[in-house]
Amino acid sequence: MEPLAPATGTDTFSAVANRVVEYLRRRTPISDWSVNRRIEGEQVFLHATPGTLVKVGDRRPWDQSYCHRAFDLGADAIVDDVTTHPQYSDLRIGATRSYAGAPIRDAEGEMFGMLCGLGVDPLDGAEVDAELLAVLGDLLGAHLSLARRAESGDRERRTAEALSQTDALTGLVNRRGWDSVLADAAVRASAYGDLAAVVLCDLDRMKEVNDREGHAAGDALLQRTAHALTGARGVHDTIARYGGDEFVVLVEDVSPRLLSRTLQRYRDALAHEGVEASFGWSLVFPGDEPVDLAFQRADRSMYEDKRARRAARREPDAAAG
């Protein structure tokens, strides 16, 4: 039997979080339990029991959540029936009737998210142990801090190895290196809810350049594209040549609300160099499996952009005719 690979911080935190929510599902009258994160104004569900009210990857505005009421506004942390409780009755989330929550804090004491229970039935006098929830929330926070610290050095090593794998023509990270950094980002998104997005760039008319001007001209276009993208790179961006005339960017620590600015920055950089390209993008969602799902969504988004660009080019031609 081959030896097991050593567990990473993300592995251990995910395992502990899943064990906690499953224990609460079995031992409390509340049906759906989760560990969620508050990040950039959203509540993102990372680890959840199989249920009807919430699943891994769900997102909602934080200020429209029961956890916001409990943690930020000081409302009751355990609620028999949210539809009749005066602090909650104006907020309806699906078929939720009962609620319980406890905060999870990081090493600096800042709020990471919540240990959250949503029930399909009122509690009807059944008790949920508030002290136990608080203890489990504190333990999850402590384990989160240890997991982050334990993996920091190993992550730096893995990142350095991935970035050392480069494409000979452009000097960018190659396909193999890209696969590694995307897999790492997907794992951290699932374990901790760390923000990441994939931006895909596909050159327009590359075949025409090769056919009309030769492959040397095509290579020069690829190098010019790489230079423009590198010049526009943000501090948390990793740029790779995925293959052929496709380039990809992993954008980390970016708010979904600000991602459009990042996309426009890369569009402008290519336009300044006279490079025509179509773009697509996707967030990396918790629970993405396989890990390249974000790339697949970005690819579909890119083809929609390409079709729209082609249609826009045809319209003036039709008008002139």
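Residues numbered from 1 in each chain as written. Predicted model: local features only at pLDDT ≥ 70, side-chain atom pairs only at ≥ 80, totals over all residues. Heavy atoms only, no water.

*Asks:* Is there a simple way to explain empty space enclosed by the protein in this structure?
*Replies:* Scanning the entire structure with this criterion turns up 1 cavity of 30 Å³ or more. Looking at the largest cavity, its volume works out to about 70 Å³. The wall of the largest cavity is formed by I39, V44, R59, A189, G193, D194, L195, A196, L283, V284 and P286. Partitioned by chemical class, the residues of the lining of the largest cavity number 8 nonpolar, 1 polar and 2 charged. (1 Å grid on protein atoms, 1.4 Å probe; cavity = no way out; pocket = protein on both sides within 12 Å on 5 of 7 lines; lining within 4 Å. Points joined across faces, edges and corners; volume = space filled by probe spheres on them. Nonpolar A, V, L, I, M, F, W, Y, C, P; charged D, E, K, R; others polar.)

*Asks:* Before we go on, may I ask you to explain the environment of R257 in this structure?
*Replies:* When you line up the elements, R257 lands in the loop between β9 (246-252) and α7 (259-272). R257 sits in the exposed class, given a relative accessible area of 62%. Measuring from C-alpha to C-alpha, the distance between R257 and E40 comes to 8.6 Å, with 217 residues separating the pair along the chain. At a separation of 3.5 Å, a polar atom in the side chain of R257 contacts the side chain of E40. (Helix = DSSP H or I, 4+ residues; strand = E, 2+ residues; numbered from the N terminus. Buried < 20%, exposed > 50% of the residue type's maximum accessible area, 1.4 Å probe, protein only. Polar contact = N/O pair within 3.5 Å; in protein donor to acceptor, adjacent residues only side chain to side chain.)

*Asks:* Explain the confidence of the model for the protein to me, please; I cannot follow it from the model alone.
*Replies:* Detail in the predicted coordinates should be disregarded across regions flagged by low pLDDT. Residue-level pLDDT values for the protein average 91, and 95% of them are 70 or greater. Taken together, the stretch residues 1-6 has pLDDT below 50 and engages in 0 contacts with residues farther than four places along the chain or on a different chain. (pLDDT = per-residue confidence, 0-100. Contact = heavy atoms within 4.5 Å.)

*Asks:* Whenever I open this one, the packing of helix α1 (residues 9-27) against helix α3 (residues 130-163) confuses me. Can you help?
*Replies:* When two helices pack together, their arrangement is given by the angle between their axes and by how far apart the axes lie. The contact between α1 and α3 brings their axes to 8 Å, and the two run at 170°. By the angle class used here, α1 and α3 are roughly antiparallel. Here α1 runs over α3; the crossing is left-handed. On α3, the residues touching G9, T10, T12, F13, V16, A17, V20, Y23 and L24 of α1 are L132, L133, L136, L140, H143, L144, A147 and E151. For the contact of α1 with α3, a count of residues per class yields 12 nonpolar, 4 polar and 1 charged. (Axes fitted to C-alpha atoms, helices over the stretch in contact; angles between N-to-C directions. Parallel < 35°, antiparallel > 145°, perpendicular 65-115°, else oblique. Left-handed = near helix turned anticlockwise from the far one by under 90°.)

*Asks:* I keep staring at unusual backbone geometry and nothing clicks. Help me out?
*Replies:* Among all residues except glycine, the phi angle is most often negative; among peptide bonds, the trans geometry is most common. Cis geometry is found at the peptide bond from E289 to P290, where omega equals 5°. With respect to the helices and strands, P290 occurs in the loop between β10 (277-283) and α8 (293-320). Residue D124 is not a glycine yet carries a positive backbone phi of 50°. Structurally, D124 is set in the loop between β6 (111-119) and α3. Residue classification places D124 among the exposed positions, given a relative accessible area of 66%. For D253, which is not glycine, the phi torsion reads 55° and is therefore positive. Looking at where D253 falls in the secondary structure, it is placed in the loop between β9 and α7. Judged by its relative accessible area of 55%, D253 is exposed.

*Asks:* How do you make sense of the sheet that holds strand β3 (residues 59-61) when you look at a structure like this?
*Replies:* Read across the open sheet, the 6 strands follow the order β3-β2-β1-β6-β5-β4; overall the sheet is antiparallel. Each edge of the open sheet is held by one strand with a lone partner, namely β3 and β4 (78-79). Sheet strands in contact with α1 are β1 (32-39), β2 (42-48) and β6, and its direction is about 85° off that of β2. Contacts from α3 reach β1, β4, β5 (98-105) and β6 within the one sheet, and its direction differs from that of β5 by about 35°. (Pairing = 2+ DSSP bridges.)

*Asks:* Is there a simple way to explain helix α4 (residues 175-192) in this structure?
*Replies:* Each α-helix turn comprises 3.6 residues. Residues three or four places apart therefore point the same way. Over its 18 residues, α4 extends 26 Å from the first C-alpha to the last, a length consistent with the 26 Å expected when each residue adds 1.5 Å. Buried within α4 are the following residues: G177, W178, V181, L182, D184, A185, A186, R188, A189, S190, A191 and Y192. Capping the start of α4, N174 holds a side-chain oxygen 3.2 Å from the backbone nitrogen of R176, two or three residues further along. Two residues or fewer past α4, G193 is found with a positive phi of approximately 80°. (Expected span 1.5 Å × (residues − 1).)

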